[in-house]
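Now for the letters of each chain:
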Amino acid sequence: CDGSMEDPERPGFRIPDGPNSKYVDQDMVWQDVGGIVMKNALKGYNCTVFAYGQSGCGKSYSVVGDSPNLGIIPRTVKALFDVVDGNTDPDVRYHVEIAMVEVYMDEVYDLLEPRKKERQKLNVFNNKGEAGMSRSLREWVCRRCFEDE
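Because the structure is predicted, anything quoted here is derived from the model rather than measured.

1. Details of the overall build of the chain
- Looking only at helices and strands, the chain has three helices and eleven strands in total.
- Start at the N end of the chain and walk to the C end: the helices and strands fall as β-β-α-α-β-β-α-β-β-β-β-β-β-β.
- The dimensions of the chain, computed from C-alpha atoms along their principal axes, are 50 × 45 × 30 Å.
- Going through the 149 residues of the chain one by one, you find that 26% of them count as buried.

Shown next as structure tokens:
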């Protein structure tokens, strides 16, 4: 048992199975991390979500999730575009960009680059105290929120 059970009020959603459960549901991750990230993004800050841990510990699940248990990124994007799309002030403009990387076995990969047979790693360098990448990380301008499949 992973410490979770199906939410009786929301079929398909997973929740902790008791007060001592080690399982953290997506609502808890959103409230503790995602909501804070989104509020700071709306203030104009560049924001990063960094998930770290051993293989199989739930990083991808916490960050991306699965339907209907959406993770931090889809929840943040949806909440962000709810604000952007609901803006009625002509003096307020939003510019949303997203980039995603994976660090695996000391290699860095662009997760938004279209998949090829061989993934191209990003070469990270340090030049006089400034970090950078020899091959540019893609930053995508987002004009609308994606729809959950």
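2. Description of empty space enclosed by the protein
- Taken as a whole, this structure holds one cavity of 30 Å³ or more when the rule is applied.
- The volume enclosed by the largest cavity comes to roughly 30 Å³.
- Surrounding the largest cavity, Arg10, Phe13, Arg14, Asp25, Gln26, Asp27, Tyr61, Asn69 and Arg75 form its lining.
- Grouping the amino acids of the lining of the largest cavity by side-chain chemistry returns two nonpolar, two polar and five charged.

3. Remarks on the side chain of Arg75
- On the secondary structure map, Arg75 appears in helix α3 (residues 72-86).
- In this structure Arg75 comes out as buried when scored by relative accessible area, which is 16%.
- A distance of 3.0 Å separates the side chain of Arg75 from the side chain of Asp27, its partner in a polar contact.
- In this view, Arg75 contacts Gln26, Asp27, Trp30 and Leu70; residues no more than four positions away in its chain are not counted.

4. Things to note about helix α1 (residues 26-42)
- Approximately 40 degrees is the largest bend angle found in α1, and it occurs at Gly34.
- Three or more residues of α1 are buried, namely Gln26, Asp27, Val29, Trp30, Gly34, Gly35, Val37 and Met38.
- Of the surrounding elements, those touching the buried residues of α1 are α2 (59-63), β3 (65-66), β4 (69-70) and α3.
- Taking the backbone nitrogen of Asp27 as reference, a side-chain oxygen 3.3 Å away marks Asp25 as the first, capping residue of α1.

5. A short note on the environment of Gly65
- Examined against the element boundaries, Gly65 turns out to sit in strand β3.
- A sequence separation of 39 residues divides Gly65 from Gln26, and the C-alpha atoms of the two residues are 7.7 Å apart.
- Beyond its immediate sequence surroundings of up to four residues, Gly65 is in contact with Gln26, Ser60, Leu70 and Gly71.

6. Quick word on the nonpolar core
- Of all hydrophobic cores here, the largest spans eleven residues; its members are Trp30, Met38, Val63, Ile73, Val77, Ala79, Leu80, Phe81, Val84, Val96 and Met100.
- When residues of this core are traced back to their parent elements, those giving at least two are α1 and α3.
- If you tally residues by element for this core, the top one is α3, at six residues.

How each quantity is defined
Residues numbered from 1 in each chain as written. Predicted model: local features only at pLDDT ≥ 70, side-chain atom pairs only at ≥ 80, totals over all residues. Heavy atoms only, no water. Helix = DSSP H or I, 4+ residues; strand = E, 2+ residues; numbered from the N terminus. Buried < 20%, exposed > 50% of the residue type's maximum accessible area, 1.4 Å probe, protein only. 1 Å grid on protein atoms, 1.4 Å probe; cavity = no way out; pocket = protein on both sides within 12 Å on 5 of 7 lines; lining within 4 Å. Points joined across faces, edges and corners; volume = space filled by probe spheres on them. Nonpolar A, V, L, I, M, F, W, Y, C, P; charged D, E, K, R; others polar. Polar contact = N/O pair within 3.5 Å; in protein donor to acceptor, adjacent residues only side chain to side chain. Contact = heavy atoms within 4.5 Å. Bend = angle between axes of the 7 residues up to and from the residue. Core = buried A, V, L, I, M, F, W, Y, C linked by side-chain atoms within 4.5 Å.

These results come straight from atomic positions and should not be treated as a statement about function.
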